[in-house]
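# Examining the three-dimensional arrangement
Residue strings, one per chain:
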Amino acid sequence: MSGAKGVSLRNAIALIVGLILVWQLLFWFAGDIAMRSPWDTVRYARRMMGTDSFWIHFWESVRAFATALAIAVSVGLFVGIWLGFHRLSGRVMEPMLVAIYSIPKITLYPIVLLAFGIGMSAKIAFGAIHGVIPIALFTINAVRNVRIVLIKTGRVHKLTMTEMARWVLFPAAMPEIFTGFRVGFSLTLIGTLLGEMFAAQRGLGYLLMTAIGLHNVDVIMAVTFLLVLCAASVSTALLAIDHRLHRRV
Amino acid sequence: MSRVTIYRILVIAAAIGILELLCLIGTIDRITMQAPHLIARDLAAILVAGKLNGAIAKTLTNASVAFVLALTVGIATAVAIHGYRALRETLDPLFATYYAIPVFGFYPLLIILLGLGDAPQIMIAFMLGVVAVIVNTLNGLDRVPNVLKKTARIHGMGRLDLAFTVTLPYAAPHVLTGVKLAVAYSLIGIVGAEFIMSRGGMGYEISFAFTNFDNATMYPLIVLILLVSITANTLLSLWEKMLLTRRGYS
């Protein structure tokens with residue numbers, strides 16, 4: 001076990017060093033007008049994190065993202081368990097969900113904006129739209145693959161639909177559902193940020209968008225860096241949990 | 001027609017019907033959305049008049065270029081790195097977290113590097129799509145049975161021959177999953193970039209129409225993009241199904 005851990009640690013370090021190297025090389029190639037060096041970006045990011053206004057944007061984004069994720073997870077789980085359990089509905093609806101999953105949802109932003117107005121609700125809606133479908137799709141497949149003997153045992157015990165979902169389907173399908181959650185997490189984050197870029201007056205996406213408008217390279221680099229850092233560390237943690245859940249079954 | 005297909009058509013018809021009704025009785029007001037039949041009429045009018053053909057052609061051409069680039073570079077990269085275990089293990093966390101990275105954040109950087117033409121948009125779309133192709137191709141290549149590779153070795157095939165005649169055809173269904181994602185991502189990349197900053201294209205026209213409350217242009221264009229991506233996706237799914245059926249899965 002410790003050998004495997006050593007290898008993955010070595011790989012992680014190699015990856016990070018490699019990325020920083022590519023970044024630095026790109027900086028030498030592109031120059032000061034286009035980007036900042038890794039060192040300057042970290043320094044500016046630290047300075048930015050010392051200001052109050054950054055944290056206002058940050059918490060605004062976190063609030064929007066958390067709400068969007070909660071909506072995406074609850075709707076996705078509900079739809080997924082229903083369509084996975086009820087075969088006919090599943091067969092009717094699944095191809096449509098796949099089709100919706102494949103559409104470039106970014107084109108829907110004007111509609112979301114018209115329906116919700118600029119502000120919190122629009123970015124929450126945008127985030128939730130991005131995250132809900134993958135969670136539903138993964139849950140459908142997970143529930144479908146639950147061993148039939150478990151479901152039959154549940155029926156013998158005369159479980160109601162809610163009890164069946166809570167005590168049989170959900171625990172049995174947990175590892176796959178978690179994979180869906182992991183994918184949904186990333187997409188909800190992207191969705192919320194995109195929503196903020198186009199339809200908000202606060203939040204990190206808005207900060208990025210105004211910086212793009214003003215060509216403020218320091219802010220662009222620092223915000224992108226912090227976003228990537230947050231996203232990468234959370235999704236690495238989720239990936240580790242995902243692997244552990246899959247190994248246990 | 002099977003029962004499932006009939007239900008499917010009924011669900012779609014009901015959804016459009018409800019939307020139509022809500023628009024007609026005014027629950028959804030005209031500034032928010034036009035009734036579906038009006039969108040269809042406007043779309044036909046736009047296509048016939050051809051005043052937006054330039055924008056449509058620009059977006060679809062750029063998306064195709066990005067798609068082809070993502071496909072070739074993605075498959076080539078996957079074939080190249082497939083054999084190197086240490087390299088793959090190092091890159092795996094990057095692939096797994098890649099889609100949590102807001103790629104659009106790099107758009108201004110690309111504009112400065114590549115100029116305010118089509119290149120930065122194509123680059124964004126390419127960056128979005130390429131990793132999906134790599135990941136799915138690797139996934140497919142991992143499943144090639146050893147016996148096929150051994151047979152190829154007996155025939156003295158080189159690496160390229162092996163890839164083109166044995167492993168890639170075997171991995172085709174998985175590669176197709178990546179291809180489907182690449183279609184979606186190339187459209188997302190191009191249209192998104194056009195929203196943020198550009199001088200033309202469907203994304204630009206949509207956001208221009210949006211700021212001018214020109215729903216008669218905005219909705220048809222949105223529907224057109226959705227139609228293009230759904231059609232491409234459906235065709236690829238049919239192809240995928242055909243491949244799988246031929247191999248005895250169903």
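Residues numbered from 1 in each chain as written. Chains lettered and ligands numbered in written order. Predicted model: local features only at pLDDT ≥ 70, side-chain atom pairs only at ≥ 80, totals over all residues. Heavy atoms only, no water.

Contact residues are listed per partner, giving 51 residues for chain A and 47 residues for chain B. The junction of chain A with chain B conceals about 4300 Å² of combined surface from both sides, 82% of it contributed by carbon and sulfur atoms. At the boundary of chain A with chain B, the tally comes to 0 salt bridges. Put simply, chain A and chain B have 3 residue pairs in polar contact (both at pLDDT 80 or more) between them. Only α1 (2-30), α4 (87-102), α5 (109-116), α8 (161-199), α9 (204-214) and α10 (217-248) of chain A provide two or more residues apiece to the side of chain A that touches chain B. If one sorts the elements of the side of chain A that touches chain B by residue count, α10 of chain A sits on top with 10 residues. (Contact = heavy atoms within 4.5 Å. Buried area = accessible area lost by both parts, 1.4 Å probe. Salt bridge = Lys/Arg side-chain N within 4 Å of Asp/Glu carboxyl O. Polar contact = N/O pair within 3.5 Å; in protein donor to acceptor, adjacent residues only side chain to side chain. Helix = DSSP H or I, 4+ residues; strand = E, 2+ residues; numbered from the N terminus.)

The next subject is the packing of aromatic side chains. The tally for this structure, following the rule as stated, stands at 11 aromatic pairs over all chains. Site record: aromatic cluster; members linked through ring pairs are Phe54, Trp55, Phe58 and Trp59 of chain A. Positioned above the aromatic ring of Trp167 of chain A, the side-chain terminus of Arg166 of chain A is 4.1 Å from the ring centre. One Lys or Arg, Arg247 of chain B, reaches over the ring of Tyr170 of chain B and ends 5.3 Å from the middle of that ring. (Phe/Tyr/Trp six-rings, centres within 6.5 Å; stacked < 30°, edge-to-face > 60°. Lys NZ or Arg CZ within 6 Å of the ring centre and 35° of its normal.)

A word on the packing of helix α3 (residues 53-81) of chain B against helix α8 (residues 159-196) of chain B. All names here are of chain B. Running from amino to carboxyl end, α3 crosses α8 at an angle of 145 degrees, the nearest separation of the two axes being 7 Å. Helix-helix and strand crossings are classified by hand; for α3 and α8 the assignment is right-handed. Packed against α3, whose contacting residues are Thr59, Leu60, Asn62, Ala63, Ala66, Phe67, Leu71, Ile75, Val79 and Ala80, the element α8 presents Arg159, Ala163, Leu168, Val175, Val179, Ala182, Val183, Ser186, Leu187, Ile190, Val191 and Glu194 at the interface. The residue inventory of the contact of α3 with α8, partitioned by class, reads 17 nonpolar, 3 polar and 2 charged. (Axes fitted to C-alpha atoms, helices over the stretch in contact; angles between N-to-C directions. Left-handed = near helix turned anticlockwise from the far one by under 90°. Nonpolar A, V, L, I, M, F, W, Y, C, P; charged D, E, K, R; others polar.)

Further remarks concern the pattern of salt bridges. Residues and elements named next belong to chain A. Across all of its chains, the model carries 13 salt bridges over all chains by this definition. As a salt-bridge pair, Asp40 and Arg43 come within 3.3 Å of each other at their nearest N and O atoms. On the criterion of helical spacing, the pair formed by Asp40 and Arg43 is a turn pair, its members being 3 residues apart in helix α2 (residues 38-49). Close ionic contact of Glu94 with Arg144 constitutes a salt bridge, the shortest N to O distance being 3.0 Å. A residue pair is termed long-range when its members are at least 10 positions apart, and Glu94 in helix α4 and Arg144 in helix α6 (residues 120-144) qualify at 50 residues. Overall, Glu94 belongs to the buried group, its relative accessible area being 17%. A relative accessible area of 22% means that Arg144 is categorised as partly exposed. (Buried < 20%, exposed > 50% of the residue type's maximum accessible area, 1.4 Å probe, protein only.)

Let us look at the environment of Val73 of chain A. For Val73 of chain A, the location among the structural elements is in helix α3 (residues 52-85). Here Val73 of chain A is in contact with Ile135 and Phe181 of chain A, once residues within four sequence places are set aside.

Another aspect to go through is α4 of chain A. For an α-helix the count is 3.6 residues per turn, leaving residues at separations of three or four pointing the same way. All names here are of chain A. Taking 1.5 Å per residue, 16 residues should reach 22 Å; α4 reaches 23 Å between its end C-alpha atoms and fits that length. Where α4 bends most, the angle comes to about 35 degrees, and this point is Met93, followed within four residues by the proline Pro95. Listing the buried residues of α4 in full gives Ser89, Gly90, Val92, Glu94, Met96, Leu97, Ala99 and Ser102. (Expected span 1.5 Å × (residues − 1). Bend = angle between axes of the 7 residues up to and from the residue.)

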